[in-house]
Amino acid sequence: MKHEFIFSAAEAARLLNTALPEQCGAVEQLYPVQITPYYLNLIDRGDPLNDPLWKQCMPDAGELLDPDASFDPLAEETQMPVSRVIHRFADRIVLLSTGRCAVKCRFCFRKRTWKTGAELPDISDRELEDACRYLKNNPQIQEALISGGDPLMLSTSRLHEILTMLNSTGTISVIRIGSRVPVTWPARIDHELVSMLSGFDGLWLMTHFNHPAEVTPESAAACKKFIKAGIPVLNQTVLLRGVNDDAAILEKLFRKLIRIQVKPHYLFHVDPVRGVRHFATGIEKGLEILKEFRPRLSSLAVPTFAIDLPEGGGKVALQPDYRCGDGFLSINGGKVVKYPGPLNN
Ligand SMILES: *Cc1c(COP(=O)(O)O)cnc(C)c1O
């Protein structure tokens, strides 16, 4: 699908009729800019610099802080038995299908795959064959999570080839596609794509809304196409300082998502990756927000809060702790309640 993207901060600022903050140029030398006209148009022209969507897609001096942090603290590169395959958990793998995205998110934890001079190309036939051979040789792997980059940047026919190859292993029964395209480029979600995807069993879409302003008639319609085609849509959100680290904003987002039948699945703390540390809120912030949600927000709307541990330690889910002495704190915080133990017979 042909599309015009915006490839420079200066061009984006010009389209928004605003002056470009000084530091943008140096940042985009290292971490380039890409934005869809659709996503840019969601930014508030009255006050673009403080807009939560601007902050997600426009370069910021914060990206140059912490130059000693690792580009790969999760040690993904050390858990790749073959090119393109990250195998950390017994039953599931991540397949890196491409380095491309519709919008380059400034908080991306895989900046190492698109920073200037290090762009990950689309997966080749040879790499796909090697990956599928690895899967066949390791039948305990039952799920493939197609990631990137964004797999929906690939052509529909290329994606069809990848899905067909994964299916032909005979061992992969569940496929999860991770994509922010329904949010950043909803026009890409066309009939041809969705009808191709609906031909595969065990397919799930994991999309990525971070802010209520991203839930628009267009992005909602894109999600609905998947749901109508029998493909469940889940969402993961990253907790971002200055963007959505606020219970009222996240409540609004999650309520909008369940209204369009998209299940908030994960809320991630920012990974300690070079170039994104300025977005980190601290873990306590996420726990505080979850605690606020407990008494007032439907469990349908509440995602699992998780951190991805460095050194390939895996994803750890975190919950506010309600234990209090030998009882439990009530969810309104008002009293301590005892819970009966098991029978002693
Ligand atoms: C996040 C991740 C998965 C998927 O984990 P879930 O908890 O099932 O969502 C699989 N492999 C890797 C390497 C991951 O980082």
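Everything here concerns the structure above.
Residues numbered from 1 in each chain as written. Predicted model: local features only at pLDDT ≥ 70, side-chain atom pairs only at ≥ 80, totals over all residues. Heavy atoms only, no water.

Participant: How would you summarise the sheet that holds strand S10 (residues 323–324) if you had to cite specific residues and measurements?
Facilitator: Judged by pairing direction, the sheet is antiparallel, and its three strands sit side by side in the order S10-S11-S12 without closing on themselves. A strand with exactly one partner marks an edge of an open sheet, and here the two such strands are S10 and strand S12 (336–337). Two elements, S10 and strand S11 (residues 327–329), share two bridges in a ladder whose sense is antiparallel. Bridge assignment links Cys324 to a residue of S11, and that residue is Gly327. (Pairing = 2+ DSSP bridges. Helix = DSSP H or I, 4+ residues; strand = E, 2+ residues; numbered from the N terminus.)

Participant: Can you lay out the pairing of strand S3 (residues 143–147) for me, pointing to particular residues and giving the numbers?
Facilitator: Successive residues of a regular strand alternate their side chains across the two faces of the sheet. The buried fraction of S3 is high, at five of five residues. Relative to S3, strand S2 (residues 92–96) runs parallel, the two being bridged by five bridges. Paired with Arg92 across the bridge in S3 is Glu143. Handedness of the crossover is the feature at issue here: the chain leaves S2, passes through helix H5 (residues 125–137), returns alongside S3, and the resulting connection is right-handed. Two strands pair when backbone bridges link them, and S3 and strand S4 (residues 174–178) are joined in this way by four bridges, in the parallel orientation. Across the sheet, the residue bridging to Glu143 is Val174, located in S4. Regarding the hand of the β-α-β motif, the stretch spanning S3, helix H6 (residues 156–168) and S4 is right-handed. (Buried < 20%, exposed > 50% of the residue type's maximum accessible area, 1.4 Å probe, protein only. Right-handed = clockwise from strand over helix to strand, strands pointing away.)

Participant: An account of the sheet that holds S4 is requested, with residue identities and associated values reported.
Facilitator: Strand order in the open sheet formed by nine strands is S1-S2-S3-S4-S5-S6-S7-S8-S9, with mixed pairing between adjacent strands. Looking at the sheet topology across the chains shown, the edges are occupied by strand S1 (85–89) and strand S9 (314–318). Averaged over all pairs of adjacent strands, the angle between their axes in this sheet comes to 25°, without regard to strand direction. With three bridges connecting them, strand S5 (residues 203–207) and strand S6 (residues 233–239) associate as parallel partners. Residue pairing in the sheet places Leu205 in a bridge with Val233 of S6. The sheet contacts of H6 involve S2, S3, S4 and S5, and relative to S3 the element is tilted by about 160°. The strands that helix H11 (residues 283–293) touches are S6, strand S7 (263–269), strand S8 (304–309) and S9; relative to S8, the one it contacts most, it runs at about 165°. (Axes fitted to C-alpha atoms, helices over the stretch in contact; angles between N-to-C directions. Contact = heavy atoms within 4.5 Å.)

Distances and angles like these do not, on their own, reveal function.
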